[in-house]
Amino acid sequence: MKQIKHLMGLELKARLKRTIILAILVLTFCLTIFSSGAAGQEDTENNQPVSDEGFFNRFITYVKNLFSGEEGKLHSSGEIPKTGAADIQQSAEPEQAVLKIATPDVIKSASLVGDTSLGIFAHLSNPPLMKMDAEGHIVGQLAENYSVSENNTRWTFYIRDDLYWSDGEKVTPEDVEFSIRYYGEKTPWASWINDTLENSTVSDADNSVTFKFNKPYTRVNMEFATYDILPAHVWKKIENPVEYTSNGPYVGCGPYYLKLIDLNAGKLIFEKNPYWKGKMPEFETVEIHFYSNVDVATLALKNGEADSYYKYAGSYPYSGIEQLEKTGNFDFLEKTNVGLVFLAPNLKKAPFSDPKFREALADSINYEELARLETLGYGEVPNSGFVPSAMENYKETEKLEYSPEKAREILKKAGYSDSNGNGILEGKDGKDIKLEILIRPDYARTGELLDEYFEQIGLSADLKTVDSDTWITLKDSYNYDLTVTRSTPWGMLMHSSWGSGYFDSRRTGQGVMHNLEDPAFLQLCDNILATTDSAELQKYAYELQDYYADNLPAIPLYWSKSVTPFNRHFEGWYADPLYGIYNLDTFTNVTKVEA
Amino acid sequence: MSEIARKVTRYFTSLVLIIIINFILPRLMPGDPVKNLIGEDAYVSEEVMEELRAELGLNLPFSEQFISYTSNLLHFDLGYSYHLHAPVAEILLNKMSWTLIFVGVSVVIGTLLGCFLGALAGWKPERKASHFTSFTFVVLSCIPPYFLALLTLYIFSFKLGLFPSKGFYDTPEIGSVLHHLFLPVCVMSVFSASRNFLVMRGSVIQEKEQLYALYARAKGLYNTDILFRHIIKNASLPIITLLALDFGFLFSGALFIEIIFSLNGMGVMIYNAIMGKDYPLLQGAFLVIAFTALLANMFADLLYILIDPRVRGGSMDESV
């Protein structure tokens, strides 16, 4: 018995001992962490406000110092506070002069002509002939200016005289002629060039190239704002440019040339074109970094691994803006997006072919709520004229208003009533109206909100959220009642512009509705396509927006802003409505400044 | 019919079925590869679309497309990717080599770690350490890979700054590759280990109650000898099955991990191929995955025969 007691006593003592040792170790550990965190804060007081970091952050700081072996330095140089990490990283590398852009537009293939995203990024090395300025006007880029014949068939572009390829060769009108013809012959999406281009000539006397089309074509200047100009002496040897892949370098004539495409490292590297005679960019290198996940891209921005963010036809995620704002290191460039999200009724089907029914639908939508929830304050209630204010020749039409009472009234007057009292309106055929709303994956929440709004005016709806391919299949076979979709900046400009390309029934395409057969609308499109006169264009543009407002072939749901964050150590960012910040003006103007 | 002939017939039938399904499945998906190629906003006339369709061989009847597909397969030609603009075999070789480094290493580490710790936890499940490891691995196996990957990236890459956040490398050097792949491999290994741990632990708990374990103890063998020389051999049978099944996963990559770490691997490639209706690439990728899974199963069958004398004797034949 004594032995047992003795043993128990020993065991208790041993336990007590272990507990005391453990407590001392934990205490020492906590003290070390807190003291290292505090030391870091003291020394950064001059530059940054003392942060009230929690235990987690102090622990992180401690481990960071342990691994980087800078414990000793910590007391003298101070810890890099998280809010200042980006500043320090930037200022520690002034000689490298690298501008880094994070993007979720991951390129899939190292094919300059075949990969759409790479084609856009290559605007920096192989700029198109024309560009869009901040106000949405099409102006010269590689071309000094242009002229067009009276019948709109002959377009002459006068090429700038100070352009050189990165291999030292001069940029010639032949290069431009070659590029345009090359796209027409070798790429399916530019086959319109091959179909309509009758002939082309170059003149060395005035450094110009003239394209003669077999029919009037008034949007050539805008089309030529999208095709990268290629060096003829390099590309003429390549038989199939769509299938030609190379990691670079590619000969370019912009301020930079594309030096390397490294898909496994997830980046593109552009280096200064040694023969560039225009405004000299400050940065030796521009790096485009691909992030498959937007959250990770946000963290990269916060951490100073990227200086700005770019997404074609999109904004930096609104939900991430606050995070970046909190760091105090970012400013934001805000531009009203040319593209928009809209509700498209199936105009080939009753009751959606009835303008009164569409008007009632438009009145039933709570636009303010939609804009607030979907854009988190970076959007606005749209006008009935569809076209966002950022577009050239925008006309101020009536703002859309939420008025369920008015909607119910219109429906009643138009003959839609709830005669059986089940809360659902009946159509003119006497059956309950049940809307089938086809939703693209990105707009599931918008669909749910619409469902609620329509229910308030006595319309029941079935939401059908489908993947992109199913959406295209159902949309092309007009197998829907209503659908929620979006337009891109280029989509708004294509065809006869101002979004007409989405509705003209004579067209096809993956993202377009091609459901409007109204002769008045088609005539307007043709009128626009037949003129290059700016006054006439403005008149038709206004008429088109009035048409949209009166007939509501599509109901705009909200206009949004395209927000681009950039590190405030860099200034000179410039955004155009077509490609956002990804333009030559940005890259030749951005400079590094002290915050 | 001998056992070997029966198995060969079974695997050959599986292969034929795989080839047929592989051809049919992508074509059953909604969507048009040609429209996908053109893009959302581009306007192309119907004639050009038809030309493109003819160029890709998509205008032919299904039967002719199938004959052409099988004939190309017999010539070891997997076709040409619509979107990646390269021969499918070349693309797959490149992606598979990266995926093998990244997922293969994870599976090996995860298996070894999971088996070792699982065996220890199963051998003495009443110990605190066993409780702790069991709890940890159960928790880990329940966390979505996407979340764990993001959390790991946040702590070790963005907070501690110890590892890079994306890509297979910064410069194509071995040091850079190891540095970049450390985090994704760790995350994947942890997942693989958690699965193997749970299976191995359960298996060891069952096996240690068997008479042969008691006999080994009666012979005076040490605990470690009993566990690692006798019990683990029998307990590893379900692990072999699990590994064979994992071979499909090995080549299809780990989509979510690849997305978080922006890795240009097989998972993302297959996802993009599905989205873009890149039939040749999808067919090629699925064929390779199915083929390796088939080979792995064959290998597992052989291993069972080697490890388990009952299978050799034919008594467990039906359950294998």
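Each value, and the rule that gives it
- Residues numbered from 1 in each chain as written.
- Chains lettered and ligands numbered in written order.
- Predicted model: local features only at pLDDT ≥ 70, side-chain atom pairs only at ≥ 80, totals over all residues.
- Heavy atoms only, no water.
- UniProt positions renumbered as here; feature names shortened; annotations may be inferred.
- Helix = DSSP H or I, 4+ residues; strand = E, 2+ residues; numbered from the N terminus.
- Patch = residues over 30% accessible without salt bridge, like charges linked within 9 Å, V, L, I, M, F, W, Y side chains within 5 Å.
- Areas by Shrake-Rupley, 256 points an atom, 1.4 Å probe, with all protein chains shown as cover.
- Salt bridge = Lys/Arg side-chain N within 4 Å of Asp/Glu carboxyl O.
- Domains from an automatic or database assignment.
- Contact = heavy atoms within 4.5 Å.
- Buried area = accessible area lost by both parts, 1.4 Å probe.
- Polar contact = N/O pair within 3.5 Å; in protein donor to acceptor, adjacent residues only side chain to side chain.
- Buried < 20%, exposed > 50% of the residue type's maximum accessible area, 1.4 Å probe, protein only.
- Nonpolar A, V, L, I, M, F, W, Y, C, P; charged D, E, K, R; others polar.
- Pairing = 2+ DSSP bridges.
- pLDDT = per-residue confidence, 0-100.
- Core = buried A, V, L, I, M, F, W, Y, C linked by side-chain atoms within 4.5 Å.
- Phe/Tyr/Trp six-rings, centres within 6.5 Å; stacked < 30°, edge-to-face > 60°.
- Lys NZ or Arg CZ within 6 Å of the ring centre and 35° of its normal.

The name given to chain B in an unreviewed UniProt entry is Peptide ABC transporter permease, with the source organism recorded as Methanosarcina spelaei. Recorded under Subcellular location (unreviewed entry), the UniProt text for chain B is reproduced unchanged: "Cell membrane". You can read under Sequence similarities (unreviewed entry) in the UniProt record for chain B the words "Belongs to the binding-protein-dependent transport system permease family."

Chain A is annotated in an unreviewed UniProt entry as Peptide ABC transporter substrate-binding protein from Methanosarcina spelaei. Recorded in UniProt under Subcellular location (unreviewed entry), the annotation for chain A is "Cell envelope". In its Sequence similarities (unreviewed entry) section, the UniProt record describing chain A reads: "Belongs to the bacterial solute-binding protein 5 family."

Undergrad: Talk me through the UniProt feature "domain: Solute-binding protein family" (unreviewed entry) in chain A; I want residue IDs and the actual numbers.
TA: The positions that UniProt labels "domain: Solute-binding protein family" (unreviewed entry) are, in the present scheme, residues 138-495 of chain A. For residues 138-495 of chain A, helix accounts for 28% and strand for 23%, while the C-alpha atoms at its two ends are 15 Å apart.

Undergrad: Requested: an account of a nonpolar patch on the surface, with residues and values cited.
TA: On the surface, B:Phe12, B:Val16, B:Leu17, B:Ile20, B:Ile21, B:Ile24, B:Leu25 and B:Leu28 cluster together into a nonpolar patch covering about 740 Å² of accessible area. Mapped onto the secondary structure, B:Leu28 falls in helix α1 (residues 3-28).

Undergrad: Can you break down the domain arrangement of chain A residue by residue, with the values?
TA: Residues and elements named next belong to chain A. Annotation of chain A at the domain level lists domain 1 (99-329 + 568-592) and domain 2 (340-561). On a C-alpha basis, the centroid separation for the pair domain 1 and domain 2 is 33 Å. Listed by partner, the interface residues are 21 residues for domain 1 and 22 residues for domain 2. Of the roughly 1,700 Å² buried where domain 1 meets domain 2, counting both sides, 61% is carbon and sulfur surface. For the pair domain 1 and domain 2, the interface holds zero salt bridges. Linking domain 1 with domain 2 are seven residue pairs in polar contact (both at pLDDT 80 or more), by the criterion used here. Elements that contribute at least two residues to the side of domain 1 that touches domain 2 include exactly α8 (220-223) and α11 (321-327).

Undergrad: For the pattern of salt bridges, give the residues involved together with the corresponding values.
TA: All names here are of chain A. On inspection of all chains with the given rule, the structure shows 26 salt bridges over all chains. A salt bridge links Asp-504 to Arg-506; the nearest nitrogen and oxygen atoms lie 2.7 Å apart. According to the relative accessible area criterion, Asp-504 is buried, its value standing at 0%. As a salt-bridge pair, Glu-543 and Lys-539 come within 3.7 Å of each other at their nearest N and O atoms. Taken together, the positions of Glu-543 and Lys-539, both in helix α19 (residues 534-551) and four residues apart, correspond to about one turn of that helix. The exposure class assigned to Glu-543 is partly exposed, which follows from its relative accessible area of 34%.

Undergrad: Now, about the interface of chain A and chain B: what can you tell me, with residues and values included?
TA: Chain A puts 55 residues into the contact, and the matching count from chain B is 46 residues. Both sides of the chain A and chain B interface together cover about 4,200 Å² of buried area, and 52% of this is carbon and sulfur. Between B:Lys35 and A:Asp476 there is a salt bridge, with the nearest N and O atoms lying 2.7 Å from each other. Elements represented by at least two residues in the side of chain A that touches chain B include exactly α2 (55-68), α7 (191-196), β10 (285-290), α10 (294-302), α16 (468-476) and α17 (489-493) of chain A. With six residues, α2(A) is the largest single contributor of residues to the side of chain A that touches chain B. Tallied by class, the residues present in the side of chain A that touches chain B amount to 18 nonpolar, 20 polar and 17 charged.

Undergrad: Describe the domain arrangement of chain B, listing the residues and the values that go with them.
TA: Many descriptions give the size of an interface as the accessible area lost when the pieces come together. Residues and elements named next belong to chain B. Domain boundaries in chain B define domain 1 (2-75) and domain 2 (89-312). A separation of 32 Å is found between the C-alpha centroids of domain 1 and domain 2. Counting residues at the interface gives 18 residues for domain 1, matched by 15 residues for domain 2. Summing the contributions of domain 1 and of domain 2, the shared interface buries around 1,600 Å²; its carbon and sulfur component is 69%. Of all residues in domain 1, Tyr-11, Asn-22 and Met-29 bury the most surface against domain 2, accounting for 34% of the area lost on that side. For the pair domain 1 and domain 2, the interface holds one salt bridge. One can count five residue pairs in polar contact (both at pLDDT 80 or more) joining domain 1 with domain 2. Residue assignment for the side of domain 1 that touches domain 2 shows that the elements contributing at least two residues are α1, α2 (33-38) and α4 (62-74).

Undergrad: Quick rundown of the pairing of strand β6 (residues 197-203) of chain A? Include the residues and the values.
TA: Residues in a regular strand point their side chains to alternate faces of the sheet. Residue and element names in this part refer to chain A. Note: β6 against strand β7 (residues 208-213), six bridges, orientation antiparallel. Along β7, the bridge assignment pairs Val-202 with Val-209. What sits between the antiparallel neighbours β6 and β7 is a turn of four residues, in which Asn-207 has the positive phi angle 50°.

Undergrad: I'd like a description of the confidence of the model for chain A, backed by residues and values.
TA: All names here are of chain A. Summarising the model, chain A shows a mean pLDDT of 86, and 84% of its residues fall at 70 or more. Every residue in residues 35-53 scores below 50 in pLDDT, and together they form 28 contacts with partners more than four places removed in sequence or on other chains. Between residues 66-94, whose pLDDT stays under 50, and residues either more than four places distant or in other chains, the model counts 53 contacts.

Undergrad: Report on the nonpolar core, specifying residues and quantitative values.
TA: A:Phe157, A:Phe224, A:Leu268, A:Phe270 and A:Phe503 are the most contacted members of the largest nonpolar core, which has 112 residues in total. Looking at this core, you find at least three residues from each of domain 1 (99-329 + 568-592) and domain 2 (340-561) of chain A. Not counting chain neighbours up to four residues away, the residues in contact with A:Phe224 comprise A:Pro128, A:Leu129, A:Met130, A:Phe157, A:Ile180, A:Trp192 and A:Phe211. Of all hydrophobic cores here, the second largest spans 50 residues; its members include A:Leu299, B:Ala121, B:Phe168 and B:Phe191.

Undergrad: Go over the packing of aromatic side chains, please, and point to the residues and values.
TA: Taken as a whole, this structure holds 47 aromatic pairs over all chains when the rule is applied. With 5.3 Å between their ring centres and 40° between their planes, A:Tyr183 and A:Tyr227 make a pair best called tilted. Taken together, the residues A:Tyr183 in helix α6 (residues 173-186) and A:Tyr227 in the loop between α8 and α9 (232-235) connect sequence positions 44 residues apart. The pair A:Tyr183 / A:Tyr227 is uniform in exposure class, with both members buried. Of the aromatic side chains, those joined through ring pairs into one cluster are A:Tyr146, A:Trp155, A:Phe157, A:Tyr183, A:Phe211, A:Phe224 and A:Tyr227. Here the basic side chain of B:Lys166 rests over the ring of A:Tyr291, its NZ or CZ set 5.7 Å away from the ring centre.

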